[in-house]
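# Structural overview for review
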Number of protein chains: 2
Amino acid sequence: MKSLETRILEEGHALSETVLKVDSFVNHQVDPKLMSDIGKTFADHYRGMGITKVFTIESSGIAPAAFTAYELGVPMVILKKQTSKILVGDVYQTNITSFTKGTSYELTLSATYISADDKVLIIDDFLANGEAASGAVTLVQMGGASIAGIGILIEKSFQHGRKRLEDAGFKVSSLVRISKLARGNIEFTEADL
Amino acid sequence: MKSLETRILEEGHALSETVLKVDSFVNHQVDPKLMSDIGKTFADHYRGMGITKVFTIESSGIAPAAFTAYELGVPMVILKKQTSKILVGDVYQTNITSFTKGTSYELTLSATYISADDKVLIIDDFLANGEAASGAVTLVQMGGASIAGIGILIEKSFQHGRKRLEDAGFKVSSLVRISKLARGNIEFTEADL
């Protein structure tokens, strides 16, 4: 998605060889017109595949996932980050450790919002080592549903998240793929959409 | 907003005299068509007031705020819930204690995304005692900006959040106002929009 590449070049900040800040239009301040365009791009790609729900992980994935779900005409489900195991109610949980952020949480899905008939599109803002996306996959599988694909805004292609998901049999569609980051320098490789 | 009232009657669960669960279309699973309608309703009301940014609090406010910002053609800013004070960077923070949830966090805004020229519309899903909304007001004021209004999806009118915000001089526009909750029973009073 050329417009997202351009925006990253204009406003993104490569803080190190692994950290890209896009706080002015994705993570803290959000450009809703861009999110709507992203939603249309994902929906155009995944339309006709029988998708019943769009899943995302709170909270930076919510805006692009909401517009994607809107375009596809299906509900969005927000996977919650809980600090501890929930012992009441019928929920699926999986522990996620983010090496990027040095945090750990229980990714949580109420069993009410998934069934064996569901075909899920997972949308998230970043793909690095794939911990969060793999956790989302685990929860969908716990619910007995199938996965149509994983849509990513910004993939760090020099980390192994994509390989991990593809090796597990899932299709990844990234709007932007970054081949190299260095302080003040961002290089792209060919994206999927 | 009659359609939101109807949806609450159909799918909401009054768990006690203070707790209303709307997990099937607002908080966990989200209906993007409803969120788009909500965005249009808020935008119709606030259009022409010179709003420059829509602020919300992560994470249940993000979907309705994103569609509102989209309709108004302005950026959205997500106020972050940090578990501890951030000691680096130029940020505004205020401590929020939620009596409803028994939690405490530092509501956080990067100074980069607010200026004295901004006129802010605050959007949130629930208004109960007004802790979160008052915290958002505090951060906007720390940034020297003005507040056009506070848009709420579901107001618990039997709690004092609205009075607290109005006494401080702010205009509250709620799509739905609940006058009474009891296990299995939800009563409404006349809403603003």
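Residues numbered from 1 in each chain as written. Chains lettered and ligands numbered in written order. Predicted model: local features only at pLDDT ≥ 70, side-chain atom pairs only at ≥ 80, totals over all residues. Heavy atoms only, no water.

### Notes on the overall build of chain A
When helices and strands are tallied, chain A shows 6 helices and 11 strands. Each principal axis of the C-alpha distribution contributes one length, and for chain A these read about 45 × 35 × 30 Å. Within chain A, buried positions represent 57% of all 193 residues. Excluding contacts between residues fewer than 6 apart, the proportion of contacts in chain A whose partners are at least 24 apart in sequence is 61%. Just so you have it, chain A exposes about 7900 Å², and 50% of that area is on carbon and sulfur atoms. One way to put it: in chain A the 20 positive side-chain charges average out to a point 1 Å from where the 23 negative ones average out. (Helix = DSSP H or I, 4+ residues; strand = E, 2+ residues; numbered from the N terminus. Buried < 20%, exposed > 50% of the residue type's maximum accessible area, 1.4 Å probe, protein only. Contact = heavy atoms within 4.5 Å. Areas by Shrake-Rupley, 256 points an atom, 1.4 Å probe, with all protein chains shown as cover. Lys, Arg positive; Asp, Glu negative; His and termini not counted. Charge placed at Lys NZ, Arg CZ, Asp CG, Glu CD.)

### Details of the interface of chain B and chain A
Across the contact, 30 residues belong to chain B and 30 residues belong to chain A. Together, the buried faces of chain B and chain A total about 2400 Å²; carbon and sulfur atoms form 63% of this surface. Counting the contacts that link chain B with chain A gives 0 salt bridges. Our enumeration of links across chain B and chain A arrives at 16 residue pairs in polar contact (both at pLDDT 80 or more). Where the side of chain B that touches chain A is concerned, the elements lending two or more residues are helix 2 (23–27), strand 3 (29–30), helix 3 (32–46), helix 4 (62–72), strand 5 (76–82) and strand 7 (103–110) of chain B. It is helix 4 of chain B that provides the largest number of residues to the side of chain B that touches chain A, a total of 6 residues. Looking at the side of chain B that touches chain A, its residues break down into 15 nonpolar, 9 polar and 6 charged. When strand 5 (residues 76–82) of chain A meets strand 3 of chain B, the two strands line up antiparallel, connected through 2 bridges. Note that in strand 3 of chain B the partner of M76 of chain A across the bridge is V30 of chain B. (Buried area = accessible area lost by both parts, 1.4 Å probe. Salt bridge = Lys/Arg side-chain N within 4 Å of Asp/Glu carboxyl O. Polar contact = N/O pair within 3.5 Å; in protein donor to acceptor, adjacent residues only side chain to side chain. Nonpolar A, V, L, I, M, F, W, Y, C, P; charged D, E, K, R; others polar. Pairing = 2+ DSSP bridges.)

### With respect to the packing of helix 4 (residues 62–72) of chain A against helix 3 of chain B
In the contact formed by helix 4 of chain A and helix 3 of chain B, the axes pass within 8 Å of each other and the chain directions differ by 105°. As summarised for this structure, helix 4 of chain A and helix 3 of chain B are arranged roughly perpendicular, according to the angle between their axes. Residue-level contacts link A66, A69 and Y70 of chain A of helix 4 of chain A to P32, K33, S36 and K40 of chain B of helix 3 of chain B. A breakdown of the residues in the contact of helix 4 of chain A with helix 3 of chain B according to their chemical character gives 4 nonpolar, 1 polar and 2 charged. (Axes fitted to C-alpha atoms, helices over the stretch in contact; angles between N-to-C directions. Parallel < 35°, antiparallel > 145°, perpendicular 65-115°, else oblique.)

### Side note on the nonpolar core
Core analysis: the biggest nonpolar cluster contains 74 residues, and L4 of chain A together with L4 of chain B have the highest contact counts within it. Setting aside chain neighbours within four positions, we find L4 of chain A in contact with F25, L34, I38, L153, I154, L175 and V176 of chain A. (Core = buried A, V, L, I, M, F, W, Y, C linked by side-chain atoms within 4.5 Å.)

### Let's talk about the packing of aromatic side chains
Counting across every chain of the model gives 3 aromatic pairs over all chains. Between F67 of chain A and F67 of chain B the ring centres are 4.4 Å apart and the planes differ by 40°, which places this aromatic pair in the tilted class. A residue pair is termed interchain when its members come from two chains, as with F67 of chain A in helix 4 and F67 of chain B in helix 4. According to the relative accessible area criterion, F67 of chain A is buried, its value standing at 2%. (Phe/Tyr/Trp six-rings, centres within 6.5 Å; stacked < 30°, edge-to-face > 60°.)

### As for the pairing of strand 5 of chain A
Residues and elements named next belong to chain A. Judged by how many residues are buried, strand 5 sits mostly within the fold: 5 of 7 residues are covered. Bridge count between strand 4 (residues 53–57) and strand 5: 4 bridges; the pairing is parallel. In the strand pairing of strand 5, V54 is matched with M76. On the question of chirality, the crossover connecting strand 4 to the parallel strand 5 by way of helix 4 is right-handed. (Right-handed = clockwise from strand over helix to strand, strands pointing away.)

### Focus on helix 3 of chain B
Residue and element names in this part refer to chain B. Along its 15 residues, helix 3 runs 21 Å from first to last C-alpha, staying within 8% of the 21 Å computed at 1.5 Å per residue. For helix 3, the full list of buried residues reads P32, L34, M35, S36, I38, G39, F42, A43 and Y46. In this structure D31 caps helix 3, since a side-chain oxygen of it lies 2.9 Å from the backbone nitrogen of K33. Looking at the residues trailing helix 3, positive phi occurs at G48, about 85°. (Expected span 1.5 Å × (residues − 1).)

### Topic: the relation of the copies chain B and chain A
Superposition of chain B onto chain A requires a rotation of 180° combined with a translation of 0.0 Å along the rotation axis, giving an RMSD of 0.0 Å. Taken together, these values place the two copies in the relation of a two-fold axis. Both copies contact each other with a shared surface, as 100% of the interface residues of chain B are interface residues in chain A too. (Least-squares fit on C-alpha atoms with pLDDT ≥ 70 in both.)

### A short note on the environment of L175 of chain B
Within the secondary structure, L175 of chain B sits in strand 10 (residues 172–182). What L175 of chain B contacts, discounting residues up to four positions off in sequence, is M1, L4, I38, T41, F42, I152, L153, A191 and L193 of chain B.

### A closer look at helix 4 of chain B
All names here are of chain B. Within helix 4, 9 of the 11 residues are buried, which leaves it mostly tucked inside the rest of the structure. Among all positions in helix 4, only I62, A63, P64, A65, A66, F67, T68, A69 and L72 are buried. Immediately beyond the C-terminal end of helix 4, within one or two residues, lies G73, with a positive phi of roughly 70°.

### A short note on the confidence of the model for chain A
The predicted model of chain A averages 96 in pLDDT, with 99% of residues at 70 or higher. Predicted complex metrics record ipTM = 0.97 and pTM = 0.97. (pLDDT = per-residue confidence, 0-100.)

### Remarks on the side chain of E131 of chain A
Residue and element names in this part refer to chain A. Inspection of the secondary structure assignment puts E131 in helix 5 (residues 131–142). No salt bridge is formed by the buried E131, whose closest oppositely charged neighbour, R164, lies at an N-O distance of 4.6 Å. Setting aside residues up to four positions removed in sequence, E131 forms contacts with I96, T97, S98, F99 and R164.

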